[in-house]
Protein chains: 4
Amino acid sequence: MTTVLLTGFDPFGGDDHNSSWDAVQLVAREWATEDILVTACLPVEFGRAIEELIALIDQHSPDLVIATGVAGGRTLVTPERVAINLRDARIPDNAGRQPIDEPVVAGGPDAHFTRLPVAEMVARMNGAGVPATVSLSAGAYVCNDLMYGLLHALAGTGLPAGFIHVPDRADLPTVTVSAGLRIAIEVGLEAD
Amino acid sequence: MTTVLLTGFDPFGGDDHNSSWDAVQLVAREWATEDILVTACLPVEFGRAIEELIALIDQHSPDLVIATGVAGGRTLVTPERVAINLRDARIPDNAGRQPIDEPVVAGGPDAHFTRLPVAEMVARMNGAGVPATVSLSAGAYVCNDLMYGLLHALAGTGLPAGFIHVPDRADLPTVTVSAGLRIAIEVGLEAD
Amino acid sequence: MTTVLLTGFDPFGGDDHNSSWDAVQLVAREWATEDILVTACLPVEFGRAIEELIALIDQHSPDLVIATGVAGGRTLVTPERVAINLRDARIPDNAGRQPIDEPVVAGGPDAHFTRLPVAEMVARMNGAGVPATVSLSAGAYVCNDLMYGLLHALAGTGLPAGFIHVPDRADLPTVTVSAGLRIAIEVGLEAD
Amino acid sequence: MTTVLLTGFDPFGGDDHNSSWDAVQLVAREWATEDILVTACLPVEFGRAIEELIALIDQHSPDLVIATGVAGGRTLVTPERVAINLRDARIPDNAGRQPIDEPVVAGGPDAHFTRLPVAEMVARMNGAGVPATVSLSAGAYVCNDLMYGLLHALAGTGLPAGFIHVPDRADLPTVTVSAGLRIAIEVGLEAD
């Protein structure tokens with residue numbers, strides 16, 4: 001039996017919603033395959049988001065892990081190519097911490113590339129009418145933190161895993177974002 | 001019998017395609033109602049685009065006129081709220097003319113508001129998964145020229161007419177743009 | 001004796017500062033000509049900002065009026081070409097009012113062009129190292145409201161007047177914005 | 001004697017100028033300290049730009065290396081935080097090569113962080129009126145290629161070195177960009 005782990009994030013920065021979680025929930029509501037879909041909404045907290053995601057992986061042994069978060073200002077679905085070993089927050093996280101110029105993992109490599117076939121995901125999304133492009137930066141806030149921690153933890157394993165930034169729902173409707181995430185899951189499972 | 005006139009533009013500025021015409025052609029290929037759809041690809045030339053559009057209106061007596069053009073850099077479908085009485089070109093048009101700080105219509109009013117229900121169009125597009133927002137500027141190139149000329153010519157009539165800018169197909173797939181244009185036509189005919 | 005009236009705006013939308021007023025204050029602190037500079041910080045309220053500006057004009061009989069406001073997301077100083085007869089607010093103003101699709105002046109023309117030599121202002125700013133471009137939309141919030149009301153009130157007079165949007169100070173330092181405003185004043189007085 | 005090596009790039013992608021080289025030349029024309037400034041204009045070619053830069057370092061033994069390139073669409077001066085081990089070109093380089101999803105250095109680490117004090121550079125630029133921010137992505141074209149190759153070659157040495165993207169001169173005047181580069185050099189030499 002195939003298991004997919006798909007996560008979104010809590011609201012942060014004063015917003016009352018997080019479009020990544022909106023989209024993940026819609027994927028779950030419309031899930032229609034025999035595969036098992038596990039979804040979770042992670043806290044916007046440096047370090048703790050990683051811990052919760054690793055715990056979910058240990059618990060469910062997924063065959064594919066896609067974490068998502070919102071990127072205000074972006075208007076396309078953007079699978080991330082790389083996570084960097086940097087915490088550099090312009091606003092505090094939801095626990096009130098605001099690290100400046102710190103590493104995610106002390107002594108870790110400067111970056112980890114994604115373990116997802118992001119170019120193929122983007123090509124398939126665009127073919128289906130979902131605007132998408134590969135992004136070369138996941139920022140230096142909690143999204144990048146989660147992605148770097150995830151890839152660092154999985155180094156040496158064969159588990160496909162990565163991160164996708166999505167637009168705010170004001171810039172791309174949730175129904176379109178969730179269609180994109182469904183395609184990302186399909187492509188990720190094919191590549192598996 | 002209801003007739004809809006929908007136009008796109010020729011390529012310009014060195015491009016080998018114009019995403020507005022791509023989308024208009026796709027609307028035509030998938031047209032499935034009993035209404036008559038007339039489509040045309042207009043020249044990217046100050047003044048001449050207006051003349052051709054007015055000639056098409058005289059010939060077909062449409063019940064709704066929607067002109068479209070591409071807006072490089074935009075990522076949403078953007079029905080335009082207003083056209084201004086200004087030609088101010090950063091690059092020459094396809095006839096080699098580059099007017100700077102000239103009026104579209106000498107002595108005309110500074111602007112004309114659209115005759116389309118743009119807010120309703122945008123709400124319906126977003127509801128259907130097509131990213132859209134109302135734009136407050138159609139620029140000062142041939143798109144604005146066409147929109148101003150169209151609205152100026154129709155002043156005093158009851159014909160619903162206006163202009164929609166669409167993203168380049170690299171930023172929003174043609175299938176999504178054409179879905180947005182179909183919705184715009186539906187809303188425009190309801191309001192009629 | 002030459003008098004210049006230069007205004008900024010109060011903070012709004014939850015911000016604790018308004019970069020337009022920061023820049024106007026810096027212009028005032030460094031004012032070194034014999035001309036009289038009158039500055040004021042206007043309320044972010046539909047209608048009331050116009051009333052206060054008109055009262056200042058009546059009181060000081062300026063030879064040049066430049067109103068400024070901040071445009072979040074813009075990174076260049078942008079003298080505005082045109083104001084439109086539309087109030088369409090995405091957030092409430094500082095008095096809690098949020099007009100949707102209403103005119104600034106019922107029965108007024110759809111737009112008024114600026115009475116400032118904006119192209120020359122932009123050329124001179126860029127020549128001096130201040131990034132600038134002419135903007136074709138002042139939006140549909142209080143900035144546009146003020147600009148439309150100002151130009152509507154001055155129609156038929158010979159007083160040069162208009163509006164300049166400035167970036168947030170996080171995107172363009174206040175010292176650079178104020179340099180741009182000083183240049184705008186110089187050009188405005190030359191044209192007078 | 002202190003030596004600074006500052007480079008720009010040739011035009012590419014059909015442009016007739018490259019704003020990075022414009023700015024570097026202006027820095028050179030106005031150079032007024034006793035330090036030696038070595039400038040060079042590098043070819044927009046994967047691999048070859050790196051080779052030429054390494055040869056210049058061997059020849060001049062600089063105390064500080066700052067390479068620059070233009071980033072169309074950006075409006076601030078952006079010292080880059082990190083270079084990634086990826087060549088992924090949307091257009092061919094000036095030698096006609098267009099690598100897709102290839103490494104810069106086979107077997108190299110996924111990324112190298114800059115060896116410049118980019119946060120301090122940005123703070124000082126903004127304080128002086130030059131709009132600036134740290135960037136987290138140098139792209140995956142020749143600029144990133146040069147930066148990765150430079151940092152890879154210098155790994156284990158103590159030489160401060162890195163890359164700064166600058167806006168096109170249409171978006172930020174060359175005089176302002178060159179002021180930013182002079183500040184970057186000052187800060188880089190202080191940190192040395």
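Residues numbered from 1 in each chain as written. Chains lettered and ligands numbered in written order. Predicted model: local features only at pLDDT ≥ 70, side-chain atom pairs only at ≥ 80, totals over all residues. Heavy atoms only, no water.

J.: What's the story with the overall build of chain A in this structure? I'm lost.
T.: Secondary structure summary: chain A contains five helices and seven strands in total. What you see in chain A, going N to C, is helices and strands ordered as β-α-β-α-β-β-β-β-α-α-β-α. The C-alpha atoms of chain A give 15 Å as radius of gyration, which agrees with the globular expectation for 192 residues (16 Å, within 12%). Across its three principal axes, chain A shows a C-alpha extent of roughly 40 × 40 × 25 Å. (Helix = DSSP H or I, 4+ residues; strand = E, 2+ residues; numbered from the N terminus. Rg over C-alpha atoms; globule rule 2.2 N^0.38 Å.)

J.: How should I be thinking about the pairing of strand 1 (residues 3-9) of chain B in this particular structure?
T.: Looking along a regular strand, one sees the side chains alternate between the two faces of the sheet. Residues and elements named next belong to chain B. Most of strand 1 is tucked away, with seven of its seven residues classed as buried. As judged from the seven bridges shared by strand 1 and strand 2 (residues 36-42), these two strands associate in the parallel manner. Among the inter-strand pairings, Leu6 is bridged to a residue of strand 2, identified as Thr39. When strand 1 meets strand 3 (residues 64-70), the two strands line up parallel, connected through four bridges. Its bridge partner being in strand 3, Thr7 is matched across the sheet by Ala67. (Buried < 20%, exposed > 50% of the residue type's maximum accessible area, 1.4 Å probe, protein only. Pairing = 2+ DSSP bridges.)

J.: Help me understand the relation of the copies chain D and chain A, please; the structure alone is not making it clear to me.
T.: In this arrangement, two copies of a chain are superimposed by a rotation about an axis accompanied by a shift along the axis. Rotating chain D by 180 degrees and translating it 0.0 Å along the rotation axis places it on chain A, where the RMSD comes to 0.0 Å. Here the symmetry operator amounts to a two-fold rotation axis. By residue overlap, the copies meet face to face through one surface: 100% of the interface positions of chain D are interface positions in chain A. (Least-squares fit on C-alpha atoms with pLDDT ≥ 70 in both. Contact = heavy atoms within 4.5 Å.)

J.: Got a minute to help me understand the environment of Met1 of chain C in this structure?
T.: Residues and elements named next belong to chain C. Structurally, the position occupied by Met1 is in the segment before strand 1 (3-9). What makes Met1 exposed here is its relative accessible area of 74%. For the pair Met1 and Asp63, spaced 62 residues apart in sequence, the C-alpha separation works out to 9.3 Å. If sequence neighbours within four positions are ignored, Met1 has contacts with Glu34, Ile36 and Asp63.

J.: Even after reading the chapter, I still don't get the interface of chain D and chain A, so can you show me in this structure?
T.: Quoted interface sizes are often the accessible area lost when the parts come together. Contact with chain D, which involves 14 residues of that partner, is made by 14 residues of chain A. Taken over both partners, the interface formed by chain D and chain A buries close to 1,200 Å², and the fraction arising from carbon and sulfur atoms is 66%. Area buried by chain D at its contact with chain A is led by Asp110, Phe113 and Leu136 of chain D, which between them contribute 46% of it. On inspection of chain D and its partner chain A, the count reaches two salt bridges. The closest approach of N and O atoms between Asp101 of chain D and Arg81 of chain A, which form a salt bridge, is 2.5 Å. Connecting chain D to chain A are four residue pairs in polar contact (both at pLDDT 80 or more). Considering every element that reaches the side of chain D that touches chain A, the biggest residue donor is strand 6 (residues 111-113) of chain D, with three residues. (Buried area = accessible area lost by both parts, 1.4 Å probe. Salt bridge = Lys/Arg side-chain N within 4 Å of Asp/Glu carboxyl O. Polar contact = N/O pair within 3.5 Å; in protein donor to acceptor, adjacent residues only side chain to side chain.)

J.: What should I look at first to understand the relation of the copies chain D and chain C in this one?
T.: For the match of chain D to chain C, the screw axis carries a shift of 0.0 Å, the RMSD comes to 0.0 Å, and the turn is 180 degrees. A shared interface surface links the copies, since 100% of the contact residues of chain D are contact residues in chain C too.

J.: Which parts of the structure should I look at to understand the sheet that holds strand 2 of chain B?
T.: The pairing of strands in a sheet happens through backbone hydrogen bonds and is either parallel or antiparallel. All names here are of chain B. Pairing in this open sheet of five strands is mixed, and the strands run 2-1-3-7-4 from one edge to the other. The sheet is open, and its two borders are formed by strand 2 and strand 4 (78-79), each paired with just one other strand. Two elements, strand 3 and strand 7 (residues 161-166), share six bridges in a ladder whose sense is parallel. When the bridges of strand 7 are listed, Thr68 appears paired with Ile164. Sheet strands touched by helix 5 (residues 174-191): strand 1, strand 2, strand 3 and strand 7. Its angle to strand 3, the strand with the most contacts, is close to 155 degrees. (Axes fitted to C-alpha atoms, helices over the stretch in contact; angles between N-to-C directions.)

J.: How should the sheet that holds strand 4 (residues 78-79) of chain A be read in this particular structure?
T.: All names here are of chain A. Overall, mixed pairing links the five strands, which are arranged 2-1-3-7-4 in an open sheet. Each having just a single partner strand, strand 2 (36-42) and strand 4 make up the two edges of the open sheet. Against the sheet, helix 4 (residues 142-154) makes contact with strand 1 (3-9), strand 2, strand 3 (64-70) and strand 7 (161-166), and its axis sits at roughly 165 degrees relative to strand 7, the strand it touches most.

J.: Explain the packing of helix 3 (residues 118-127) of chain B against helix 5 of chain B to me, please; I cannot follow it from the model alone.
T.: Describing two packed helices takes the angle between their axes plus the distance from one axis to the other. All names here are of chain B. Taken N-terminus to C-terminus, the directions of helix 3 and helix 5 make an angle of 135 degrees; their axes are 9 Å apart at the nearest point. Of the possible angle classes, the one that applies to helix 3 and helix 5 is oblique. Of the two possible hands of crossing, helix 3 and helix 5 adopt the one that is right-handed. In contact with Glu120, Met121, Arg124 and Met125 of helix 3, helix 5 contributes Gly180, Ile183, Ala184, Glu186, Val187, Gly188 and Glu190. Residue composition of the contact of helix 3 with helix 5, by class: five nonpolar, two polar and four charged. (Parallel < 35°, antiparallel > 145°, perpendicular 65-115°, else oblique. Left-handed = near helix turned anticlockwise from the far one by under 90°. Nonpolar A, V, L, I, M, F, W, Y, C, P; charged D, E, K, R; others polar.)

J.: Explanation requested: the packing of aromatic side chains in the structure shown.
T.: For any pair of aromatic rings, the description consists of the separation of the ring centres together with the inter-plane angle of the planes. Using the criterion set out here, one finds eight aromatic pairs over all chains in the structure. On the basis of an interplanar angle of 85 degrees and a centroid distance of 5.6 Å, the ring pair of Phe46 of chain B and Tyr141 of chain B is categorised as edge-to-face. Highlighted residues: Phe46 of chain B in the loop between strand 2 and helix 2 (48-60) and Tyr141 of chain B in the loop between helix 3 and helix 4 (142-154), separated in sequence by 95 residues. Exposure remark for Tyr141 of chain B: the relative accessible area of 15% places this residue in the buried category. Look at Phe12 of chain D and Tyr141 of chain D: their rings are 5.6 Å apart centre to centre, the planes differ by 40 degrees, and that puts the pair in the tilted class. (Phe/Tyr/Trp six-rings, centres within 6.5 Å; stacked < 30°, edge-to-face > 60°.)

J.: I keep staring at the interface of chain D and chain C and nothing clicks. Help me out?
T.: Taken together, the twelve residues of chain D in the interface contact twelve residues of chain C. Considering only the surface of chain D that becomes buried against chain C, Thr75, Gly129 and Pro173 of chain D emerge as the three largest contributors, covering 39% of it. Inspection of the chain D/chain C interface yields zero salt bridges. At the boundary of chain D with chain C, the tally comes to three residue pairs in polar contact (both at pLDDT 80 or more). For the side of chain D that touches chain C, a count of residues per class yields seven nonpolar, four polar and one charged.

J.: Looking at this structure, how should I read helix 3 (residues 118-127) of chain D?
T.: The periodicity of an α-helix, 3.6 residues per turn, causes residues three or four places apart in sequence to face the same way. All names here are of chain D. If you check which residues of helix 3 are buried, you get Val118, Met121, Val122 and Met125. End-on view of helix 3: buried residues confined to an arc of 95 degrees, all on one side of the axis. Where helix 3 is buried, its residues contact strand 3 (64-70), strand 4 (78-79) and helix 5 (174-191). (Arc of directions from axis to C-beta.)

J.: I tried to follow the pairing of strand 7 (residues 161-166) of chain C on my own but got confused; where do I start?
T.: Residues and elements named next belong to chain C. Burial runs high along strand 7: six of the six residues are buried. Residues Ala161, Phe163 and His165 of strand 7 are buried on one face, and the alternating residues Gly162, Ile164 and Val166, pointing to the opposite face, are buried as well. Here strand 4 (residues 78-79) pairs with strand 7 via two bridges, running antiparallel. Counted as the bridge partner of Thr78 is His165 from strand 7.

J.: How should the pattern of salt bridges be read in this particular structure?
T.: Applying the stated criterion across every chain yields a total of 40 salt bridges over all chains. Between Glu45 of chain B and Arg48 of chain B there is a salt bridge; the shortest N-O distance is 2.8 Å. Classification of Glu45 of chain B by relative accessible area gives buried; the value is 15%. Classification of Arg48 of chain B by relative accessible area gives partly exposed; the value is 38%. Residues joined by salt bridges that share partners form a network here, namely Glu120, Arg124, Glu186 and Glu190 of chain A.

J.: What is the right way to read unusual backbone geometry from this model?
T.: Excluding glycine, residues mostly have negative phi values, and the peptide bonds linking residues are mostly trans. Residue and element names in this part refer to chain A. With a phi close to 45 degrees, Ser61 is a non-glycine residue in the positive phi region. Among the structural elements, Ser61 can be located in the loop between helix 2 (48-60) and strand 3. For Ser61, a relative accessible area of 53% corresponds to the exposed category.

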